Amino acid sequence: MKMWSGRFRQPLDPDFERWQRSFPFDKQLLKQELAASAAYANALAGIAVLSSVELEQITAALRAIGDEAGSNPALLQDDEAEDIHHFVEKQLVSRIGEVGYKLHSGRSRNEQIATDLRLYIRAQIDAALTSLADLMEIFVQRATDAGDRTMPSYTHLQRAEPVLVAHWLLAYFEMLARDADRLADCRKRLNVCPLGSGAIAGSTLSLDRKSIAKKLSFDSPTANSMDATSDRDFAIEFLQALSVLGVHLSRWSEELIIFCTQEFGFVKLPESYSTGSSAMPQKQNPDALELIRAKSARLIANANSVTINMKGLPLAYNKDLQETQQPIFDSAITALSMLQHATGFMREVQFDFAVMEAAAQSHFMNAFAAATYLASKGVPFRRAHEIIGAAVRLCMDKGCELQGLPLTELQGLHPAFAQDFYSAVQLNAVLDCHDVIGGTARARVKQALAAASQRISQFKGEAHAHA
Ligand code: ARG
């Protein structure tokens, strides 16, 4: 029996009937639907809508549905269930008869789906935070392993200044730490319970909403029934947080794809995360990275899809809201798989430090430090910049680096050049002159590594608290 057929005289068009169902996808919400239903049954018993015997029957049947679905996935093949709410009701009635219908007393699917989705996203955030912590940890591990090894950094994808490999890796750590913060923040705001909001105006029963919320580990009941039954901000925030995470993973993939080209040769692709070509026998392709880059597009698209869906909806529930479900499921699952494979890749990847270091010492990447040297001798930086620019020009004609110019020639450009110029433009000195918070000086990067490790322990502690 449908949940709403009383006022209808004609059956639905069969194709439309199939088309409007959400059960093919919202069956994923079974666990959440059962938990929310058990909490609701308790509240009904609290106001004597259910007797203690009926409560026991209903909660036992809800448990049995969950257990059976776990051992027998075929249970979830139901061509009549309109959605997960209808499915659970059908199952209840088939197990305990008419009393199964009592669970829906004063309840609306509008508040149920709003609750289920909050529970689902909350669990997905916890899973994502755990996976993010794993990925952050491997970035810190690889940064630690890299020690004082160096590489070029780039602006406009042109060589800029040398940096520590650890400094480069920690840049990604920062992005991921912000992603974790965003997800944790979204979790805080979503953790309120819509049950008791009814269809739109609030339940017609005097339910103890606070105890329902508590039972489901929500912080409190939602404050306004019209908002609660139609709000999907929590989904938008979740999807947008994941789309920013996608942007980060995609940038990382893109950079590694560039770095593993024969032209760069900084990164040796792990065979376990590459594939070959059916035509060109020599090929090893960075498929894991390419797929992560591509899947980030889905995360962005899903966030856009739900945001656009929401923008035209008058209060309160509209069936349009059903269309927010699949983007949520897709992004949750996609993001977790991306994190998992990014972590696996980072564990296996090898850096060619010799190539990176050679690149870090060529093409005048100490020019900024050289200009700073002149500035430290009292030359205004604007002038120093010009002078070092002229020195670079000279080197390009001669085919040497700045330190390859004899002192006499340098002094021909400006008398402030002295013998200590040569040590000021050596690799380590160049690194260490970036001695500010957030800079690539070796001591600063050591501090940044320690801070990063500490933040991971903190994230892990928080993830553990929610588990
Ligand atoms: N399957 C529906 C959804 O996902 C559940 C709510 C149905 N409510 C209604 N008034 N038709 O949104």
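Coordinates for the structure precede this section.
All values reported here derive from a predicted model rather than from experimental measurement.

How each quantity is defined
- Residues numbered from 1 in each chain as written.
- Predicted model: local features only at pLDDT ≥ 70, side-chain atom pairs only at ≥ 80, totals over all residues.
- Heavy atoms only, no water.
- Near = heavy atom within 4 Å.
- Polar contact = N/O pair within 3.5 Å; in protein donor to acceptor, adjacent residues only side chain to side chain.
- Helix = DSSP H or I, 4+ residues; strand = E, 2+ residues; numbered from the N terminus.
- Nonpolar A, V, L, I, M, F, W, Y, C, P; charged D, E, K, R; others polar.
- Phe/Tyr/Trp six-rings, centres within 6.5 Å; stacked < 30°, edge-to-face > 60°.
- Buried < 20%, exposed > 50% of the residue type's maximum accessible area, 1.4 Å probe, protein only.
- Lys NZ or Arg CZ within 6 Å of the ring centre and 35° of its normal.
- Axes fitted to C-alpha atoms, helices over the stretch in contact; angles between N-to-C directions.
- Left-handed = near helix turned anticlockwise from the far one by under 90°.
- Contact = heavy atoms within 4.5 Å.

Novice: Looking at this structure, I do not really get the site of the ligand. What am I missing?
Specialist: The local shell around the ligand consists of S22, D26, D83, H85, R109, N110, I113, Y317, Q322 and Q325. S22 places a polar side-chain atom, nitrogen or oxygen, 3.0 Å from a nitrogen atom of the ligand. Within the side chain of Q322, one N or O atom sits 2.8 Å away from a nitrogen atom of the ligand. Residue contributions to the shell around the ligand peak at 3 residues, all from helix α6 (residues 109–146). Classifying every residue of the shell around the ligand by side-chain character gives 2 nonpolar, 5 polar and 3 charged.

Novice: It is not clear to me how the packing of aromatic side chains should be interpreted in this structure. Could you clarify?
Specialist: The geometry of an aromatic ring pair comes down to the distance between the two centres and the angle between the two planes. For the structure shown, the criterion picks out 22 aromatic pairs. Ring centres of W168 and F351 lie 5.9 Å apart, and the angle between their planes is 75°; on these two criteria the pair is classed as edge-to-face. Of the two residues, W168 is situated in helix α7 (residues 165–190) and F351 in strand β6 (residues 350–351); the sequence distance between them amounts to 183 residues. Accessibility classification places W168 together with F351 in one group, the buried group. An angle of 85° between the planes, with centres 5.1 Å apart, marks the rings of F417 and F421 as edge-to-face. If you follow R7 out to its NZ or CZ, it ends over the ring of F8, 5.6 Å from the centre.

Novice: Any chance you could explain the packing of helix α3 (residues 30–46) against helix α5 (residues 84–96) here in plain terms?
Specialist: Where α3 contacts α5, the axes come no closer than 10 Å and their chain directions differ by 65°. In this structure, α3 crosses over α5, and the sense of that crossing is right-handed. Residues L30, E33 and L34 of α3 lie in contact with α5, whose contacting residues are I84, H85, F87 and V88. In terms of residue class, the contact of α3 with α5 is made up of 5 nonpolar, 1 polar and 1 charged.

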